Amino acid sequence: MNRKNPWRGFLQGERNALSEIFLTYHDDLFRYGLKLAGNEETVKDCIQELFLKLWKNRDNLKPVQNIKPYLLKSLRNHIIDSMELQKQNASLDSEIESALSMSYTEEDFATGNNVPEETRLKVIQALNKLTPRQREIIYLRYFEELDFNIISQVMGINIQSIRNVIHRGMQLLRDHMLILTFLLWISGDPVLSF
Amino acid sequence: MTKRVFESFEDFLLDDSFKQYVERSDDQSFSYWNEWIAAHPSLKTEFQKAVEVSLTLINNCKNAINIDKQESLKSLLSEIEKTGKTRPWKTNIPKLLLRIAAVIVLSAGLAWIWDVLRKESPHMIEHIVYNEIIVPTGEKSQIILSDGTHIWINSESRLKYPVTFGNESRPVTLEGEAYFEVTKNSKSVFTVNTKDAEIQVLGTAFNVKSYPEDLKTQTTVISGLVKIEPTRQNIEPVLIKPNQMAVISEIPEATEAKDNEVTPELSILNNVNTEVLTSWKDHLLVFADETFEDIAVKMERWYNVKIMILNDELKQERYTGKFVNNETVYEVLEAIKMTTPIVYSAKENIISIKLQ
């Protein structure tokens, strides 16, 4: 341990620690939030509100070893809350999950890297056919590089469910890719044009 | 290294060491999987497919962000500057002194802020006047608030509410049990503060039971959505839907009673019988397969009596029944007597009951 955990400073009310945490995790939070909420302004506001809330409540907060998943989880809850409160009138039985619908675009994945372009495009298409929950687990695992244990904490789902959900997701991913391959084959088109 | 069975695409993709292999981030994983695939040539196609998909997922791009985070931080800090002035104390002063000081500082601070605000913007701040309804044992009450919200208040309960609501929020405080039919206002959150949680709604019907001696707070939704924000930091807020009940318990589970720490737990029950739970507001005393012990607590509040059950096995007897309010406590006991051989005696308002 050569560096002090900035969270401790944060809890003691140090502005420097607050700034350090904010700047370190802002981009990860923003990208994740943007995937969840889909709107830059909303996410920007949510991050501000979240930090303000944490700062005001710092006397009641617990020490946190791993700051990033803690913040991701808090932001996730905050976004769900703000979305749910907004649409509370709209429909009574709206599911929380439907509010969080991530989608993937071509910009999310790099070209090259020994992966055939065709595979890359098929993966992106297939990803968007998964359930929102499956897409979110994939995001947290590959974009935020969290392990399943941490993902289960962030999403508030137990780890076995996470494994089951992602297992089904990967099966679906393969099935969709097979279908895409088949479509490609019957159309005889070497370039994907969906 | 985990000893798992790998047969298909998804098995590989779920494995952490396989991910490390594709990333080449761990030598051990790298040699492990090289050996593994050499030993399992029949799975080579699946394996190769998994590697390609995994590579695609790993080579994700962190897209550039259009937000200037330095700017965001600046506005956050200035926001904090505005709100943070009321808490300059340090933690190493003895707690008691600190609390006393806090009360004095807070009162002085409030008076000062009040003064300043009133001078600066005389029209913006309304003076909040609270009313409190205290419903004694054996009674029930009802009230309609300034926004049209209708509240039924059960025995032994107190409800504190502002005489008029401001524009942004509609806060009330409850100790005991009440049934709320909140008038919809999407701009103003209606909040019920209890000892265990803050219950937030925009416009719904729900029942809150939060007696101090019950060591728990139960919220049951009849219509709409209700958000439960537990007072304790370690419980996550939840949203509950019609026919669900959220229970925040202050007593730790019997199995894991550790130290003396009270660990509140939050659980959600589905398909609860809302009719039974809210029957009290229609002056119906209803028991639905409840233990005599629980029924006794209800009867005590309902009839303003004290009930002592002298046999432990009697406490665990379960009963179902429905009574209208004008029946006396003795009529209820007589009904119980029809199925269980009990004798009871009353002295002043204390009733003791035992098996014959």
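Residues numbered from 1 in each chain as written. Chains lettered and ligands numbered in written order. Predicted model: local features only at pLDDT ≥ 70, side-chain atom pairs only at ≥ 80, totals over all residues. Heavy atoms only, no water.

Trainee: Even after reading the chapter, I still don't get the overall build of chain A, so can you show me in this structure?
Mentor: The number of helices and strands found in chain A is nine helices and zero strands. Scanning chain A from its N terminus toward the C terminus, one meets helices and strands in the order α-α-α-α-α-α-α-α-α. Among the 194 residues that make up chain A, the fraction classed as buried is 51%. Across chain A, the fraction of contacts at a sequence separation of at least 24, relative to all contacts at a separation of at least 6, is 64%. Here chain A displays about 9300 Å² of accessible surface, and carbon together with sulfur accounts for 50% of that area. (Helix = DSSP H or I, 4+ residues; strand = E, 2+ residues; numbered from the N terminus. Buried < 20%, exposed > 50% of the residue type's maximum accessible area, 1.4 Å probe, protein only. Contact = heavy atoms within 4.5 Å. Areas by Shrake-Rupley, 256 points an atom, 1.4 Å probe, with all protein chains shown as cover.)

Trainee: Any chance you could explain the overall build of chain B here in plain terms?
Mentor: Check the secondary structure of chain B and you find ten helices and 18 strands. Considering only contacts in chain B between residues 6 or more positions apart, those separated by 24 or more positions represent 47%. Accessible surface, chain B as shown: approximately 20100 Å² in total, 52% of it carbon and sulfur.

Trainee: Looking at this structure, I do not really get the sheet that holds strand 15 (residues 306–309) of chain B. What am I missing?
Mentor: All names here are of chain B. Pairing within the open sheet is mixed, and its three strands lie in the order 15-18-17. Of all the strands in the sheet, just strand 15 and strand 17 (342–347) have a single pairing partner and so form its edges. Ignoring strand direction, the axes of neighbouring strands in this sheet form an average angle of 20°. As judged from the four bridges shared by strand 15 and strand 18 (residues 350–355), these two strands associate in the parallel manner. Note that in strand 18 the partner of Lys306 across the bridge is Ile350. On top of the sheet, helix 8 (residues 292–303) reaches strand 15 and strand 18; it is set at about 165° to strand 15, its chief contact. (Pairing = 2+ DSSP bridges. Axes fitted to C-alpha atoms, helices over the stretch in contact; angles between N-to-C directions.)

Trainee: Hey, could you run me through the side chain of Lys19 of chain B in this one?
Mentor: Within the element layout of this structure, Lys19 of chain B appears in helix 2 (residues 16–23). With near-sequence residues (within four places) excluded, Lys19 of chain B lies in contact with Arg141, Tyr142 and Glu145 of chain A together with Ile58 of chain B.

Trainee: Help me understand the interface of chain B and chain A, please; the structure alone is not making it clear to me.
Mentor: Tallying the contact residues gives 54 residues for chain B and 61 residues for chain A. Contact between chain B and chain A buries roughly 5700 Å² in total, counting both sides, with carbon and sulfur atoms accounting for 58%. Linking chain B with chain A are five salt bridges, by the criterion used here. Between Glu81 of chain B and Arg15 of chain A there is a salt bridge, with the nearest N and O atoms lying 2.8 Å from each other. Counting the contacts that link chain B with chain A gives 15 residue pairs in polar contact (both at pLDDT 80 or more). Where the side of chain B that touches chain A is concerned, the elements lending two or more residues are helix 1 (9–14), helix 2, helix 4 (44–58), helix 5 (69–83), strand 7 (197–201) and strand 10 (226–230) of chain B. Examining the composition of the side of chain B that touches chain A, we find that eleven residues originate from one element, helix 5 of chain B, more than from any other. Of the residues belonging to the side of chain B that touches chain A, the class tally is 20 nonpolar, 16 polar and 18 charged. (Buried area = accessible area lost by both parts, 1.4 Å probe. Salt bridge = Lys/Arg side-chain N within 4 Å of Asp/Glu carboxyl O. Polar contact = N/O pair within 3.5 Å; in protein donor to acceptor, adjacent residues only side chain to side chain. Nonpolar A, V, L, I, M, F, W, Y, C, P; charged D, E, K, R; others polar.)

Trainee: Teacher, can you tell me more about the pattern of salt bridges here?
Mentor: In a structure, side chains of opposite charge can pair up when their charged atoms sit close to one another. Enumeration over the complete set of coordinates arrives at 28 salt bridges over all chains. Between Lys19 of chain B and Glu23 of chain B there is a salt bridge, and its shortest N-O distance comes to 3.2 Å. Here Lys19 of chain B and its partner Glu23 of chain B are both found in helix 2, four residues apart, which amounts to about one turn of the helix. Look at Lys19 of chain B and you get buried, because its relative accessible area is 11%. Relative accessible area serves as the criterion here: at 26%, Glu23 of chain B is assigned to the partly exposed category. Connected via shared salt-bridge partners are Asp28, Arg31, Lys68 and Glu144 of chain A.

Trainee: Please clarify how the layout of surface pockets should be interpreted in this entry.
Mentor: One simple way to see leftover space: roll a probe sized like a water molecule over the atoms. Within this model, the largest pocket holds a volume of roughly 890 Å³. Lining of the largest pocket is provided by 33 residues; of these, Tyr70 of chain A together with Gln233, Asn234, Ile235 and Glu236 of chain B occupy positions nearest its centre. For the lining of the largest pocket, the elements supplying multiple residues, two or more each, are helix 3 (40–56), helix 4 (67–87) and helix 8 (148–155) of chain A together with strand 7 and strand 10 of chain B. Top element by residues in the lining of the largest pocket is helix 4 of chain A. It accounts for seven residues. (1 Å grid on protein atoms, 1.4 Å probe; cavity = no way out; pocket = protein on both sides within 12 Å on 5 of 7 lines; lining within 4 Å. Points joined across faces, edges and corners; volume = space filled by probe spheres on them.)

Trainee: Looking at this structure, how should I read the packing of aromatic side chains?
Mentor: The relative placement of two aromatic rings is captured by the distance of their centres and the angle of their planes. All names here are of chain B. Per the counting criterion, the structure on display carries 29 aromatic pairs over all chains. Centre to centre, the rings of Tyr32 and Trp33 are 5.3 Å apart; their planes meet at 85°, and the pair counts as edge-to-face. Residue classification places Trp33 among the buried residues on the basis of a relative accessible area of 0%. Ring centres of Trp33 and Trp36 lie 5.4 Å apart, and the angle between their planes is 55°; on these two criteria the pair is classed as tilted. You can see Trp33 and its partner Trp36 sitting in helix 3 (residues 27–39), three residues apart, about one turn around the helix. Each residue in the set Phe12, Phe18, Tyr21, Phe30, Tyr32, Trp33, Trp36 and Phe47 is aromatic and connected to the rest through ring pairs, giving one cluster. We note Lys281 situated over the ring of Tyr179; from NZ or CZ to the ring centre the distance is 4.7 Å. (Phe/Tyr/Trp six-rings, centres within 6.5 Å; stacked < 30°, edge-to-face > 60°. Lys NZ or Arg CZ within 6 Å of the ring centre and 35° of its normal.)

Trainee: Sorry if this is basic, but what is going on with the packing of helix 8 of chain B against helix 10 (residues 329–339) of chain B here?
Mentor: Geometrically, a packed helix pair is captured by the angle between its two axes and the distance between the axes. All names here are of chain B. Where helix 8 contacts helix 10, the axes come no closer than 11 Å and their chain directions differ by 160°. The pairing of helix 8 with helix 10 is recorded here as roughly antiparallel in orientation. The two elements helix 8 and helix 10 cross, and the hand of that crossing is right-handed. In this structure, helix 8 contributes Phe292, Met299 and Tyr303 to the contact, and helix 10 contributes Val329, Val332, Leu333 and Ile336. For the contact of helix 8 with helix 10, the residue count by class is seven nonpolar, no polar and no charged. (Parallel < 35°, antiparallel > 145°, perpendicular 65-115°, else oblique. Left-handed = near helix turned anticlockwise from the far one by under 90°.)

Trainee: Where do I start with the pairing of strand 7 of chain B in this structure?
Mentor: Looking down a regular strand, the side chains alternate between one sheet face and the other. Residue and element names in this part refer to chain B. Counting buried residues in strand 7 gives four out of five residues, a clear majority hidden from the surface. As paired elements, strand 6 (residues 189–193) and strand 7 share four bridges and run antiparallel to each other. By the bridge assignment for strand 7, Val192 is matched with Ile199. Adjacent in sequence and paired antiparallel, strand 6 and strand 7 are bridged by three residues.

Trainee: Is there a simple way to explain the environment of Asn311 of chain B in this structure?
Mentor: All names here are of chain B. The residue Asn311 is located in the loop between strand 15 and helix 9 (312–315) in this model. Looking at Asn311, the relative accessible area reads 18%, which means it is buried. For the pair formed by Asn311 and Lys354, sequence separation is 43 residues and the distance between their alpha carbons is 5.8 Å. If we skip the residues at most four places from it in the chain, Asn311 touches Ile353, Lys354 and Leu355.

Trainee: Mind showing me how you'd approach the side chain of Glu177 of chain B here?
Mentor: Residue and element names in this part refer to chain B. Relative to the assigned elements, Glu177 resides in strand 5 (residues 169–181). Of the side chains with opposite charge, Lys209 comes closest to the buried, unpaired Glu177, at an N-O distance of 4.7 Å. Residues contacting Glu177, with those up to four places away along its chain left out, are Trp152, Ile153, Asn154, Ser157, Asn207, Val208, Lys209, Tyr211, Leu277 and Trp280. (Lys, Arg positive; Asp, Glu negative; His and termini not counted.)

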